[in-house]
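# Coordinates in review
Here is what each chain is made of, one letter per residue.
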Amino acid sequence: MSVAATRTGLAPAREFPSLSELCYLNTASIGLMPVAARFTAEQFERQLSLYGTTWFDERTEVAALDWARAAAGALLNVSPEQIAVTTSVTEALSQIAWSLRPAAGTNIVSIDLEFPSVVYPWMRVARETGAEVRLVRAAERPQSLSLETLAEFVDEDTEVICVSHVQYATGHRFDLDGLAKLAEGHGAWLIVDGSQSAGAVPIDLSDNRVDAFLCAGYKWLCGPFGAAICQVSPRLVERLDPHFVGWKSTADPYSMDASQMGLAASPLAQMEFSTMAYGAGVALAAAIEHVDEIGVEAIFAHNLELSAALRRGLEELGAEIVTPAEDELRSSILTAGFPGLDGEQVAAWLNGSDVIVSPRFGSTRFSPHFFNTSDDVTLALGVLERVLERREPVRSHRSSR
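Residues numbered from 1 in each chain as written. Predicted model: local features only at pLDDT ≥ 70, side-chain atom pairs only at ≥ 80, totals over all residues. Heavy atoms only, no water.

## Some thoughts on the overall build of the protein chain
Condition: Helical segments are the DSSP runs of H or I of at least four residues, strand segments are the runs of E of at least two, and each set is numbered from the N terminus. When a residue's accessible area, from a 1.4 Å probe over protein chains only, is under 20% of the maximum for its type it is buried; when over 50% it is exposed; and in between it is partly exposed. A contact between two residues is defined here by any heavy atoms of the two lying within 4.5 Å. Reported accessibility uses the Shrake-Rupley method at a 1.4 Å probe radius. Residues are deemed covered only where the shown protein chains occlude them. Within this scheme the basic residues Lys and Arg register as positive and the acidic residues Asp and Glu register as negative, but His and the chain ends are omitted. Lys charges are placed at NZ, Arg charges at CZ, Asp charges at CG and Glu charges at CD.
For the protein chain, the helix and strand inventory stands at 13 helices and 13 strands. Along the first, second and third principal axes, the C-alpha atoms of the protein chain reach 70 × 55 × 30 Å. Counting every position in the protein chain, which comprises 401 residues, the buried fraction comes to 57%. Within the protein chain, contacts between residues separated by at least 24 positions form 72% of all contacts whose residues are at least 6 apart in sequence. As presented, the protein chain carries roughly 16700 Å² of accessible surface, and 51% of it is formed by carbon and sulfur atoms. When the 30 positive and 52 negative side-chain charges of the protein chain are each reduced to one mean point, those points stand 6 Å apart.

The following block contains the structure:
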């Protein structure tokens with residue numbers, strides 16, 4: 001079966017031309033950008049490089065991220081005024097961590113399976129303040145992770161709960177309502193990294209029970225590197241005091257008055273403190289609108305169907321699945337181990353066979369998205385069967401087109 005088989009997914013084939021060459025099941029690492037979003041970014045960069053300030057004047061620069069904020073607000077069902085566009089999740093989370101500065105005698109709760117940048121800012125702040133960082137121990141037994149095991153680490157001294165909505169290593173999905181109740185019950189701030197969920201899982205933050213929701217643009221939103229979303233609730237805005245400041249942190253950036261620092265009234269506006277790759281913000285806005293046009297509800301159902309079919313096939317091949325089976329606990333990510341084999345080596349064999357996946361924690365991580373089809377799942381399973389038999393990459397399945 002050719003990778004170039006007829007595509008009947010949620011996205012037209014012309015938007016993702018590389019899928020005629022690759023079986024790409026690796027959105028949890030980097031999402032593929034639609035041609036339309038890439039073209040929008042290229043046009044922006046072309047105009048900027050050719051015409052400079054004659055096209056990108058002061059007023060245009062001040063408004064450069066408006067589209068991205070509006071698109072993100074629509075995606076998350078919040079006002080654009082609750083959104084900051086930053087260069088990365090790490091940058092935004094660090095700003096929040098230093099604003100909250102949990103004191104000695106308090107604790108921050110997270111998970112040892114988390115992507116490091118979810119935990120490191122709190123470790124750095126705790127080094128300064130003496131706060132305790134508590135990590136749920138799930139790395140050795142990922143199947144043990146649950147809202148209940150997280151709750152065991154939370155007490156009356158918990159200042160912050162900071163976790164990912166969807167775990168990058170296993171695809172375990174927390175219930176946002178459950179997380180909010182846990183935080184509210186202990187008077188803790190709830191900070192959520194949505195990098196592995198936004199664009200793939202329906203999210204409604206209009207009740208403002210999540211204090212901050214951060215999301216990288218280059219995964220399930222199918223945007224670029226260099227732009228991320230930071231949504232902050234009104235409650236946290238009152239506490240937010242960004243520690244990075246620059247000329248764009250001010251109420252009137254083009255006053256350029258170095259003698260006094262007249263900060264913008266909104267701390268979220270202050271977070272967009274410096275010149276950035278504005279083209280990344282434009283590309284992210286276009287990519288989010290592409291996702292929104294398809295509809296996240298439809299994407300979620302499509303992706304769960306693909307991952308369920310992939311799970312059935314993997315189990316038939318003897319794989320041990322790390323990802324929860326329950327619909328309410330899973331996402332688009334599916335992580336599998338192979339008894340007697342190193343799952344990371346299996347991932348390398350698949351990548352060498354043009355079935356693109358990720359090695360994670362000694363396992364193989366698959367992550368289909370809306371541009372994938374059931375044909376991709378069938379192809380991936382067929383290649384995997386041959387790879388497991390031969391214990392090496394199989395003949396390339398690239399299309400000759």
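## A short note on the nonpolar core
Heads up, the rule is: The criterion is simple. A nonpolar core is a set of buried Ala, Val, Leu, Ile, Met, Phe, Trp, Tyr and Cys residues joined through side-chain atoms within 4.5 Å.
Grouped together as the largest cluster of nonpolar side chains are 62 residues, with contacts concentrated most on L76, I111, L150, I161, F213, I229 and F371. Per element, the largest residue contribution to this core is 7 residues, and it comes from helix 10 (residues 278–294). Ignoring any residue separated from it by four or fewer positions in sequence, one finds I111 in contact with V119, L135, V136, A138, L145, L150, V163, Q167 and F174. In this structure, L100, I108, L240 and M271 belong to the second largest nonpolar core, which totals 28 residues.

## Some remarks on the side chain of Q95
With respect to the helices, strands and loops of the structure, Q95 is situated in helix 4 (residues 89–100). If we skip the residues at most four places from it in the chain, Q95 touches P242, H243, F244, M271 and F273.

## Overview of the packing of aromatic side chains
How we decide: Only Phe, Tyr and Trp rings are paired, with Trp represented by its six-membered ring, and only when their centres lie within 6.5 Å; those with planes under 30 degrees apart are stacked, over 60 edge-to-face, the remainder tilted. Geometrically, a charge over a ring is one whose NZ (Lys) or CZ (Arg) sits within 6 Å of the ring centre while staying within 35 degrees of the ring normal.
Applying the stated criterion across every chain, the model contains 12 aromatic pairs. Judged by centre distance (5.8 Å) and plane angle (75°), the rings of F16 and F370 are edge-to-face. Separated by 354 residues along the polypeptide, F16 in the segment before strand 1 (23–24) and F370 in the loop between strand 13 (363–366) and helix 13 (374–390) bring together distant segments of the chain. On the numbers, 5.4 Å between centres and 45° between planes, the contact of F56 with Y278 is tilted. With F56 in the loop between helix 1 (35–51) and helix 2 (58–62) and Y278 in helix 10, the pair connects residues that are 222 residues apart, well separated along the chain. Residue class for F56 comes out buried when judged on its relative accessible area of 9%. Since its relative accessible area comes to 5%, Y278 is described here as buried. Here the aromatic residues F44, W55, F56 and Y278 are joined through ring pairs into a cluster of three or more. Directly above the aromatic system of W189 lies the positively charged group of R235, at a separation of 4.0 Å from the ring centroid.

## Some points on the pairing of strand 6 (residues 189–193)
Put simply, the test is: In this description, strands pair whenever DSSP reports at least two bridges between them. The crossover handedness rule: strands pointing away from the viewer, path from first strand over the helix to second strand clockwise, crossover right-handed.
Most of strand 6 sits inside the fold, with 5 of its 5 residues counted as buried. Alternating positions in strand 6 separate into two faces, W189, I191 and D193 on one and L190 and V192 on the other, with burial throughout. Where strand 5 (residues 158–164) and strand 6 come together, 5 bridges link them in parallel fashion. Residue pairing in the sheet places I161 in a bridge with L190 of strand 6. The parallel pair strand 5 and strand 6 is bridged by helix 7 (residues 176–185), and the resulting crossover is right-handed. In this structure, strand 6 lies alongside strand 7 (residues 212–216), joined through 3 bridges in parallel fashion. Paired with I191 across the two strands is A212, which belongs to strand 7.

## Quick word on the environment of L314
Position of L314 relative to the elements: it lies in helix 11 (residues 296–316). Once the C-alpha coordinates of L314 and Q47 are considered, the two residues, 267 residues apart in sequence, prove to be 48 Å apart. Not counting residues up to four positions away in its chain, the partners in contact with L314 are A319, I321, L334, A336, F338, F366, L381 and L384.

## Some thoughts on a nonpolar patch on the surface
Defined as follows: Patches in this entry comprise residues that are over 30% relatively accessible and not in a salt bridge; like charges within 9 Å are linked, as are nonpolar side chains (Val, Leu, Ile, Met, Phe, Trp, Tyr) within 5 Å. The rule for a salt bridge is simple: a side-chain nitrogen of Lys or Arg has to be within 4 Å of a carboxyl oxygen of Asp or Glu.
On the surface, a nonpolar cluster with roughly 260 Å² of combined accessible area is contributed by V245, M261 and L263. Relative to the helices and strands, V245 is located in the loop between helix 8 (234–237) and helix 9 (267–271). We classify V245 as partly exposed; its relative accessible area is 42%.

## Examining helix 5 (residues 116–129)
The condition that has to hold: Each helix should span, by expectation, one fewer than its residue count multiplied by 1.5 Å. Think of it as the arc spanned by the lines of direction from the helix axis to the C-beta atoms.
For helix 5, built from 14 residues, the straight-helix expectation of 20 Å at 1.5 Å per residue is met to within 8% by its first-to-last C-alpha distance of 20 Å. By the burial criterion, the buried members of helix 5 are V118, V119, P121, W122, V125, A126 and T129. The buried residues of helix 5 occupy one face: seen down the axis, they fall within an arc of 160°. With respect to the buried face of helix 5, the exposed residues turned more than 90 degrees away are Y120 and R127. On the buried face of helix 5, the contacting elements are helix 4, strand 3 (107–111), strand 4 (132–136), strand 5 and strand 6. Looking one or two residues past helix 5, G130 carries a phi angle of roughly 90°, positive in sign.

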